[in-house]
Amino acid sequence: ARNPQDRGALWRFAKDGRHGYLYGTIHIANLDWAMPGPTVGKALRDAEIIAIEADPGDPATGAGMARPQKSDEAPALSPALLERLRERAVRACEPWETLQTMPPLMIVTRLTLLDARWDGLHTDYSIEAVLAAFARKTGKSLALLETVATQRAAIVAGTPAEQATEIERQLTALESGAARQAMAAIADAWARGDLDTLRRLFSPPDARATLERVALEQAHGPEGSGHIGRPKIHRGAAPKGRVCPPL
């Protein structure tokens, strides 16, 4: 962006003569949001250490998140449910071969995040990735707050029966377009720094469980801390059939 804007919410805190910043991040974003605005940029330059939950650019993160489940921990999926997942993979132009060994909950999460591309939102532009890249480019220390195991456990959770129920719920939301609408609403509120709307979106018990799994997990990565200003979401209707979302 030629004139980058501050987006999201940034807090400054101080104690005993030292100070730091808390920046709420999001795992899907568009290219315009990848360049920090003046206030966030100043905070990044001022920081000695940049801490995020996990590093989305580390190949070990992706490998750990996608690692197959043990057979006694994995849900049993019906042929009909598997076919629905395959159909969504076709619509996302994602080869099934790259998905089929993942935990099923990770598959449906990945497909849901890919669906956000119709609104110009991509995991490639996640704010965590931006922060990690800034730390590397400027030689600042990069601290990771969580392990891959912790991240994975937040997504692949519950008994096999509970996982199957959650997969059905997420897949239904994906098929109906509800998941995409939720992600667009969250991204829009994040970019405007609208904490009241974010609080409302995450308040209902049912919404919290679904939105945390779907909208805050990168399918191969983490969540950190970050928030910032007015978004540009390019919405387009998702056509039927094998038409890939815009890259």
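Because the structure is predicted, anything quoted here is derived from the model rather than measured.

Remarks on the pairing of strand β3 (residues 49–52)
So, point 1. Residues Ile50 and Ile52 line the buried face of β3, whereas the alternating positions Ile49 and Ala51 sit on a face that is not buried.
So, point 2. The pairing of β3 with strand β4 (residues 141–144) spans 4 bridges and is parallel. The residue bridging Ile49 from the neighbouring strand is Ser141, located in β4.

Focus on the layout of surface pockets
So, point 1. Computed from the structure, the largest pocket encloses a volume of approximately 600 Å³.
So, point 2. If you trace the largest pocket, you find 20 residues lining it, with Gly20, Tyr21, Ala47, Ile49 and Ile50 closest to the centre.
So, point 3. When contributions to the lining of the largest pocket are tallied by element, the ones reaching two or more residues are β1 (10–15), β2 (18–23), α1 (38–46) and β3.
So, point 4. Here the residues of the lining of the largest pocket are counted per class, giving 14 nonpolar, 3 polar and 3 charged.

Focus on the packing of helix α5 (residues 104–115) against helix α8 (residues 160–176)
So, point 1. Between α5 and α8, whose axes approach to 9 Å, the crossing angle comes to 15°. Our classification of the angle between α5 and α8 gives roughly parallel. In this structure, α5 crosses over α8, and the sense of that crossing is left-handed. Between α5, through Pro104, Leu105, Val108, Thr109, Leu111, Thr112 and Asp115, and α8, the contact on the second element is made entirely by Gln163, Glu166, Ile167, Gln170, Leu171 and Leu174.
So, point 2. Residues that form the contact of α5 with α8 fall into these classes: 7 nonpolar, 4 polar and 2 charged.

Some words on the packing of helix α3 (residues 79–91) against α8
So, point 1. Closest axis-to-axis distance for the α3/α8 pair is 11 Å, and the angle between their directions is 40°. Our classification of the angle between α3 and α8 gives oblique. Note that α3 runs across α8; the crossing there is left-handed. Of the residues in α8, those touching α3 at Leu81, Arg84, Leu85 and Arg88 are Ile167, Glu168, Leu171, Thr172, Leu174 and Glu175.
So, point 2. Split by residue class, the contact of α3 with α8 holds 5 nonpolar, 1 polar and 4 charged.

A short note on the nonpolar core
So, point 1. Within the largest apolar cluster, 25 residues are counted, with the highest numbers of intra-cluster contacts made by Ile26, Trp33, Ile127, Leu131 and Trp190.
So, point 2. Of all the secondary structure elements, the ones that give two or more residues to this core are α1, β3, α6 (127–138), α9 (178–191) and α10 (195–201).
So, point 3. The biggest single contributor to this core is α9, with 6 residues.

The rules behind each value
Residues numbered from 1 in each chain as written. Predicted model: local features only at pLDDT ≥ 70, side-chain atom pairs only at ≥ 80, totals over all residues. Heavy atoms only, no water. Buried < 20%, exposed > 50% of the residue type's maximum accessible area, 1.4 Å probe, protein only. Helix = DSSP H or I, 4+ residues; strand = E, 2+ residues; numbered from the N terminus. Pairing = 2+ DSSP bridges. 1 Å grid on protein atoms, 1.4 Å probe; cavity = no way out; pocket = protein on both sides within 12 Å on 5 of 7 lines; lining within 4 Å. Points joined across faces, edges and corners; volume = space filled by probe spheres on them. Nonpolar A, V, L, I, M, F, W, Y, C, P; charged D, E, K, R; others polar. Axes fitted to C-alpha atoms, helices over the stretch in contact; angles between N-to-C directions. Parallel < 35°, antiparallel > 145°, perpendicular 65-115°, else oblique. Left-handed = near helix turned anticlockwise from the far one by under 90°. Contact = heavy atoms within 4.5 Å. Core = buried A, V, L, I, M, F, W, Y, C linked by side-chain atoms within 4.5 Å.

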